[in-house]
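What follows is each chain in one-letter form.
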Amino acid sequence: MPDHLYVHVPFCDGKCHYCGFYSVMAEPRLTSLYYDLPACELTQAVTAHPKTAHEAVRTVYMGGGTPALLGCDGLRRLAENISAILPLDKVEEWTVELNPASVTSEILKTLLALGVNRISIGVQSFDDATLARIGRRHSAEAALRAIHLAQDTGFENTGVDLIAGLPGVTTEEWQSTLQQATSLNLTHLSVYALSLEPGTVLSRQAAAGNLKIPNDEAQLAALAQAEAALAQAGFVRYEISNYALPGFECRHNLGVWRGNDFLGLGPAAASRIGHRRWTNEEDLADYIEALAEEREPPRTAETLDATDDAMERTVFALRLNEGIDPFAAAQRFPSLRDRAEIWEERLERLARQGITERGGRRWRLTARGREVCDAVIRELF
């Protein structure tokens, strides 16, 4: 199996105004059905790749949605079903995403007993008015309680998500959220720029002129403000949207951005094994029906040639602060041997524009370059 396993639990108790991720309302009938389904999909994957069936998984990431809505028994059953097929005894990092409103002592103790050693809590803001404006269903007090409860339960590796550039948030309010976050003995902070996703409440409000969305300049200023505040608190920006205390970088995310294979289970989950990659369709009903009939879940899939596969696995590492070494990439992927010199020339040209910089044999993005990361990646393609 791949080094990295992702399990998508698609249940929520409502839809946040900014969220474009696939989710469905949690109902006991659906959640109880779901306990066994990712393991059924995993069995199919093991059958398709028998040579790797007994290899150890290095990281597990359970996200959503809200995995805690499965309840303690559901989480145990989900994990036990997966571990019966795939060894989880050598997992280095096992992350579970939690929403503050779903954090209980019982859920946390269950996760700790299963072997989970990393918690990521979706806070987004420590301002109640802002939380209400974006459709979050928790308060700042609930977020603080969830963080402290996770730490008191024994999760030394606890992090939170924040969103920069939310509508109606002043510089002072954003600074207050950042100061609150850095005062909580957290090990990891994800800071995402607000993105208007089609079909969301925020996008409809903006289109109707009922909500003013910060422009690109304001978004970049909020991200820069976050970087300054977090750097002062000892956090390193190891990836465009992620900060960690040294040694607490998310190993799952690092593995994916470094181009390692990963397997995703659940509706909307993405996978990459060898030259083949696929994404399950965003439809829980079809997912349930297919697995009940022992069919693959509905998905879009493609097989890349060696060069395209190698290029993708290499250039997206530019999102990481460690950057890329074109010549090391050519050694890892022989199909890139003719590409290394071309990339060196292009990265040199971008350096003259202040977008990239060299550190030894590696190239990485500058602060300016991180603002146009997607364009740099397109340039290398």
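Structural notes, computed from the coordinates. Positions within a chain are numbered from 1, following the residues in the order the chain's sequence is written. Totals for whole chains, interfaces and linings use all residues, but because this is a predicted model, local features are given only for residues with pLDDT of at least 70 and pairs of side-chain atoms are given and counted only at 80 or more. Hydrogens and water molecules were not included; the side-chain quantities draw on all heavy atoms of the structure.

Next up on the list: the pattern of salt bridges. Salt bridges are defined by distance alone: a side-chain nitrogen of Lys or Arg within 4 Å of a carboxyl oxygen of Asp or Glu. Under the counting rule described, the total for this entry stands at 25 salt bridges. Its salt-bridge partner being E344, residue R358 comes within 2.9 Å of it at the nearest N-O pair. Separated by 14 residues along the polypeptide, R358 in strand β15 (residues 356-359) and E344 in helix α14 (residues 340-352) bring together distant segments of the chain. Buried means the residue's accessible area, taken with a 1.4 Å probe over protein chains only, is under 20% of the maximum for its type, while exposed means over 50%, and partly exposed covers the values in between. A residue is classified by how much of its surface remains accessible, and E344, at 8% relative accessible area, is buried. E379 is the partner of R349 in a salt bridge, and the nearest nitrogen-oxygen pair spans 2.5 Å. A residue pair is termed long-range when its members are at least 10 positions apart, and R349 in helix α14 and E379 in helix α16 (residues 373-380) qualify at 30 residues. A single network of salt bridges, built from pairs that share partners, joins D261, R272, R277, E302, D309, E312 and R313. Per the convention used, a helix needs a DSSP run of H or I reaching at least four residues, while a strand needs a run of E reaching at least two, with both numbered from the N terminus.

Further remarks concern unusual backbone geometry. Here the residue pair G64 and G65 is connected by a cis peptide bond, since its omega of 15° sits within 30 degrees of zero. Assignment of secondary structure puts G65 in the loop between β4 (59-64) and α3 (71-83). Despite not being glycine, E294 has its phi angle at roughly 60°, a positive value. Mapped onto the fold, E294 is located in the loop between α11 (284-292) and β14 (299-303). On the accessibility criterion, E294 (73% relative accessible area) is exposed.

In a helix, the anticipated span is given by 1.5 Å times the number of residues less one. End to end, α3 covers 18 Å across 13 residues, agreeing with the expected 18 Å (1.5 Å per residue, within 8%). The complete set of buried residues in α3 reads C72, G74, L75, L78, A79 and I82.

This part takes up the environment of G115. Considering the arrangement of structural elements, one finds G115 in the loop between α4 (105-114) and β6 (118-124). Each C-alpha atom, one on G115 and one on T95, is 9.6 Å from the other, the two residues being 20 residues apart in sequence.

What follows deals with the layout of surface pockets. Space inside and on the surface of the protein is sampled on a 1 Å grid over the protein atoms alone, with a cavity defined as a set of points where a 1.4 Å probe fits but cannot get out and a pocket as an open set with protein on both sides within 12 Å along at least 5 of 7 lines; lining residues have an atom within 4 Å of a point. Grid points are joined across faces, edges and corners, and a volume is the space filled by probe spheres set on the points. Within this model, the second largest pocket holds a volume of roughly 520 Å³. Around the second largest pocket, the lining comprises 17 residues; the ones closest to its centre are L223, R237, I240, R370 and E371. Those elements giving two or more residues to the lining of the second largest pocket turn out to be β8 (188-193), α9 (216-232), α15 (367-371) and α16. The dominant element in the lining of the second largest pocket, judged by the number of residues it contributes, is α9, at four residues.

Let us now look at helix α12 (residues 306-315). Taken across its ten residues, α12 has seven buried, putting it largely inside the fold. Where α12 is concerned, the buried positions are D309, A310, M311, E312, R313, T314 and V315. A side-chain oxygen of the first residue of α12 lies 3.1 Å from the backbone nitrogen of T307; this N-cap is D305. In protein, a polar contact requires one atom able to donate a hydrogen and another able to accept it; more generally it is a pair of N or O atoms within 3.5 Å, and residues adjacent in sequence count only if both atoms are side-chain atoms.

To continue, consider the pairing of β4. Burial runs high along β4: six of the six residues are buried. Going residue by residue along β4, you find T59, Y61 and G63 tucked away on one face and V60, M62 and G64 tucked away on the opposite face as well. Here a strand pair is declared whenever DSSP counts at least two bridges between the two strands. Examined bridge by bridge, strand β1 (residues 4-9) and β4 share six bridges and lie parallel to one another. Bridged to Y6 within β4 is Y61. For β4 and strand β5 (residues 93-98), the ladder comprises four bridges, and the chain directions are parallel.

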